[in-house]
Amino acid sequence: MVATQSTAVPQSTAAAGAPAAQPGAGFRAMTADTRSEAIRTAGRNAAATAGALGLGPDERLVAKDVLIDADGSRHVRYDRVHRGLPVIGGDLVVHLAEDGTITGSDLAHQGAIRVARTTPKLTAAGASAKAVKHAKHVKKAKAGSKDSTLVVYAVGKIPVLAYRSTVTGQGEAGPTSREAVIVDATTGAALDQYELHQSVTGTGNGVTVGQVSIETTQAAGGYTLTDPAHGGTIVYDSYNSPQSNPQQNARPFSKATNSWGNGAGSSRESAAVDASYGLAKTWDYYKNSFNRSGIRNDGRGARAYVHVDTNLVNAFYDDNCFCMYFGDGSSQNGNTPVTAVDVAGHEMSHGVTSATANLTYSGESGGLNEATSDIFGTMVEFSADNAGDPGDYYIGEKLNMSGGSLRRMDNPAADGRSLSCWNSGAGSVDVHLSSGIGNHFFYLAAEGTGAKTIGGRSHNGTTCNNDTFTGIGKDKAAAVWYRALTTYMTSTTNYAGARTATLQAAADLYGADSQERYLVSKAWAAVSVGTALPDPGTGTPTPSPTAPTPSPTTPPGGNALTNGSFEQGTSGWTQSDNIITNSSLQPSRDGSWYAWMMGYGADAVESVSQPNVAVPATGAPKLTFWLRVSTQESGYAAYDTLKVKINGTTLATYSNANASSGYVQKTVDLSAYKGQSVKLEFAGAEDTYLSTIFLLDQIAIG
């Protein structure tokens, strides 16, 4: 996925080293009416905002949410529509001062949306047929013409006209599992695919919250499990209705007395008590910690269905029905309902993510989506302070999993599958496994390194770079993550983008030179995402105990560049647009990451550069890189160009005339710059007609 580029300037809203986060992670509490009026105001300003951001004349912004800081600053989240078509990956956040002046923005896709045509070659029925063939998360997939919607797909360098198709089939969520498949509306090629049920899945023993108080509503002749204190959340008995329609046989729990369940599966009410309690505690956590009233911050509670389907060892959130489903388990887990407190918090948090950053449920953004739910599900468990289920950093530990839990945040790789450290393939694994990177980061940011016992369970904060440091505490770490999620992340944010977002959030809450921000950077470096910031206490960078990046004195034959193969994302590079990517729409030379320049088919310029590159002082120094050029142009005239510059001087120029079927290695002599520290820049320019794409990879100076 493409990293979010932030134009916001870090501005401290708290003194450096402040002892605690601002209440609500810096946000004001808002009534439903206040929020609605703020969204209406944002809608009235949408056209002017689009103009200020340089969006195209065919684009329209639709206000989705507004958050207001304690100082009156606003953060407005918009979705984009292009010629009436929804834009996947077109969401953005605009940051405004109290007087309405735009101070910055975060866009999932930089710049205007341009597509050559909005009339598809493929019909909706044809798109559904292609989607069925491409589906990989469900078997025996089915989809009709009504299941495919025409969209603009902007998750990547160049937006394309596409269909978003929903296919149904046999999958992890049962016989009616659903998967979204994005297909190119011209070629039918698969652009993306992901599960629609965002779930916690496992084979564990059930849980009970014990004897607790729950909110109910008195009705004629008795009581119902309707929680008036938490937006009217209603718990239904699904009576084993299928996942495709949990309401089929459902009816609300009701009875003459106000005593519910017996703490065992023999009473259908027991699972409902667990769900009602867990959802109420989740609501309370978001309200008390962040001034958030419910999933969509509108004071409205979602529906919850227990006893869904049969033999379902699963729970999931469905944004289409604004509801949560909880299975009864199976013989694999003693037929215990999957209704633990951290599971309820996890599922409700999927709704919060959907209402805010709406992180795409595939690639690295999908891992961040799952990590967000694990993070806040864990925080709900701590906040609930239930003696029978004390807070810890194990996910689903009360489900009696064979490995002791669904996942561990302190050591994700303990299950033998999850990722504890970022690598270039992180976007290609299941989102429940890549979530380990975000989970690991959060644990280290909160608790630091070393062994400790939390909630009666053993934890050990190990790192990917052998570093040691203290944490900032779980409440501060959660405040940073929430502000990053709601204020700076977008649907396409990846792990590098999450680092940028959390560092900005930490600066907002604690100060740009705070220890909190510094330790957040340490935690990211500890999971192989970026490097640590200089220690504000000493003003010097923290030494890395692992093999260092080659220094400027690298001898001839070494690589004097940082991250020349882009496998650390944008680290070390400055880019004018979303150039550095691991998009599957184009090939890399090695690994997963590369630089994708130009390809707009319109007037455009962009660049990617790295300053302070040390050219070796001996031997015959040279720049080498691999270049792949594909073009719609013909002939040998140079219409679209890529220039290699050192300190602003052009040393080599490539163009559409250099088109090739694959990557070709290029060499540029740097003898004139022996022993100097230089700025290396690749500068692209494209004319009005026909597109040319320049791909760069494996750049080295030696």
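Each value, and the rule that gives it
Residues numbered from 1 in each chain as written. Predicted model: local features only at pLDDT ≥ 70, side-chain atom pairs only at ≥ 80, totals over all residues. Heavy atoms only, no water. Disulfide = S-S within 2.5 Å. Buried < 20%, exposed > 50% of the residue type's maximum accessible area, 1.4 Å probe, protein only. Pairing = 2+ DSSP bridges. Helix = DSSP H or I, 4+ residues; strand = E, 2+ residues; numbered from the N terminus. Contact = heavy atoms within 4.5 Å. Expected span 1.5 Å × (residues − 1).

A complete count under the given rule lists two disulfides for this structure. The disulfide that involves Cys-321 links it to Cys-323, with 1.6 Å between the sulfurs. In this structure the cystine formed by Cys-321 and Cys-323 twists about its S-S bond by roughly -55°; its chirality is therefore left-handed. Of the two residues examined, Cys-321 and Cys-323, each falls in the buried class. Residue Cys-421 pairs covalently with Cys-464 via a disulfide, S to S 1.9 Å. Across the S-S bond of Cys-421 and Cys-464 the torsion is about -95°, and the bridge reads as left-handed.

This part covers the sheet that holds strand β32 (residues 622-631). Sheet architecture is open: five strands sit in the order β29-β30-β37-β32-β35, paired in antiparallel fashion. Across the chains shown, the open sheet's two edge strands, defined by having one partner strand only, are β29 (580-581) and β35 (664-669). Direction of pairing for β32 relative to strand β37 (residues 692-701): antiparallel, over a ladder of eight bridges. If you follow Val-629 over to β37, its bridge partner there is Phe-694.

Structurally, Ile-234 can be placed in strand β16 (residues 233-237). Its relative accessible area of 21% is what places Ile-234 among the partly exposed residues. Each C-alpha atom of the pair Ile-234 and Arg-117 lies 46 Å from the other, and the pair is 117 residues apart in sequence. Residues in contact with Ile-234, not counting those within four places in the same chain, are Leu-225, Thr-226, Pro-252, Ala-302, Arg-303 and Ala-304.

On to helix α10 (residues 515-526). Under the 1.5 Å per step criterion, the end-to-end length of α10 is 16 Å for 12 residues, consistent within 8% with the ideal 16 Å. For α10, the buried fraction is high: 11 of the 12 residues fall into the buried class. Residues Glu-516, Arg-517, Tyr-518, Leu-519, Val-520, Ser-521, Lys-522, Ala-523, Trp-524, Ala-525 and Ala-526 constitute the buried set of α10. Lining the buried residues of α10 we find α7 (431-447), α8 (474-488), α9 (495-510) and β26 (534-535).

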